[in-house]
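One letter stands for each residue in the lines below.
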Amino acid sequence: MKYVLLVSHGTYAPGLKAALSMLFGSGREDLISVGLEDGMGADVFAEKVKNAIAPIKKEDEIILLADLIGGSPLTTAANVIAGEGLMDKTVMIGGMNLPLALNVMLMKDTAETEGLVDQIIPEAQAAIRRFTIEPENNEEEI
């Protein structure tokens with residue numbers, strides 16, 4: 001099975017999981033989230049990650065999405081995954097957003113993981129654009 005693990009500072013990862021659950025249904029065992037709460041030590045966060053990934057087996061794959069490259073949630077989760085012997089089956093992406101996570105969930109079971117990553121990162125980047133609304137012209141023609 002391919003698991004998607006969301007990690008972040010604060011409640012971003014659990015919030016993103018909630019949004020994905022609205023789209024894909026709740027109670028999915030292949031979607032996991034862990035947030036580093038304010039005041040939580042790295043050791044407590046590491047234990048939360050370890051407990052969250054406990055069902056993952058050596059033959060499974062993990063697509064780890066994190067809010068920031070190099071941030072404590074990503075580096076701590078990576079250390080836990082490595083400690084559990086799962087790093088060789090893990091792909092990590094920093095800078096997660098809803099379009100990225102949505103595409104991962106849509107495509108993870110039908111695409112090779114490396115190819116999936118190569119495809120979804122440009123799509124997620126392209127989803128970040130300025131949004132404008134043009135004012136309506138309410139003047140009546142005379």
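Our subject is the structure that appears above.
Residues numbered from 1 in each chain as written. Predicted model: local features only at pLDDT ≥ 70, side-chain atom pairs only at ≥ 80, totals over all residues. Heavy atoms only, no water.

**Examining the sheet that holds strand β3 (residues 61–66)**
Point 1. Sheet architecture is open: four strands sit in the order β2-β1-β3-β4, paired in parallel fashion. Two strands close off the open sheet at either side, each with one partner strand: β2 (31–36) and β4 (90–94). Geometrically, the sheet is characterised by an average inter-axis angle of 15° between neighbouring strands, direction not taken into account.
Point 2. As paired elements, strand β1 (residues 2–9) and β2 share six bridges and run parallel to each other. (Pairing = 2+ DSSP bridges. Helix = DSSP H or I, 4+ residues; strand = E, 2+ residues; numbered from the N terminus. Axes fitted to C-alpha atoms, helices over the stretch in contact; angles between N-to-C directions.)

**Considering the pattern of salt bridges**
Point 1. Tallied over the entire structure, the rule returns five salt bridges.
Point 2. A salt bridge links Lys108 to Asp30; the nearest nitrogen and oxygen atoms lie 2.8 Å apart. In this pair, Lys108 is assigned in the loop between α4 (98–107) and α5 (113–126) and Asp30 in the loop between α1 (12–24) and β2, connecting sequence segments 78 residues apart. An identical accessibility class is assigned to Lys108 and Asp30; each is buried.
Point 3. A salt bridge links Asp109 to Lys108; the shortest N-O distance between them is 3.0 Å.
Point 4. By relative accessible area, Asp109 is classed as exposed at 54%.
Point 5. Salt bridges sharing common partners tie together Arg28, Asp30, Lys108 and Asp109. (Salt bridge = Lys/Arg side-chain N within 4 Å of Asp/Glu carboxyl O. Buried < 20%, exposed > 50% of the residue type's maximum accessible area, 1.4 Å probe, protein only.)

**Remarks on a nonpolar patch on the surface**
Point 1. The grouping of Met22, Leu23 and Leu98 at the surface amounts to a nonpolar patch, some 340 Å² of accessible area in total.
Point 2. With respect to the element layout, Leu23 can be found in helix α1. (Patch = residues over 30% accessible without salt bridge, like charges linked within 9 Å, V, L, I, M, F, W, Y side chains within 5 Å. Areas by Shrake-Rupley, 256 points an atom, 1.4 Å probe, with all protein chains shown as cover.)

**Some words on α4**
Point 1. Taken together, the buried positions of α4 are Leu100, Ala101, Asn103, Val104, Met105 and Met107.
Point 2. Against the buried residues of α4 lie β1, α1, β2, β3, β4 and α5.
Point 3. Among the residues of α4, the N-terminal cap falls to Asn97, whose side-chain oxygen and the backbone nitrogen of Leu100 are separated by 2.8 Å. (Contact = heavy atoms within 4.5 Å. Polar contact = N/O pair within 3.5 Å; in protein donor to acceptor, adjacent residues only side chain to side chain.)

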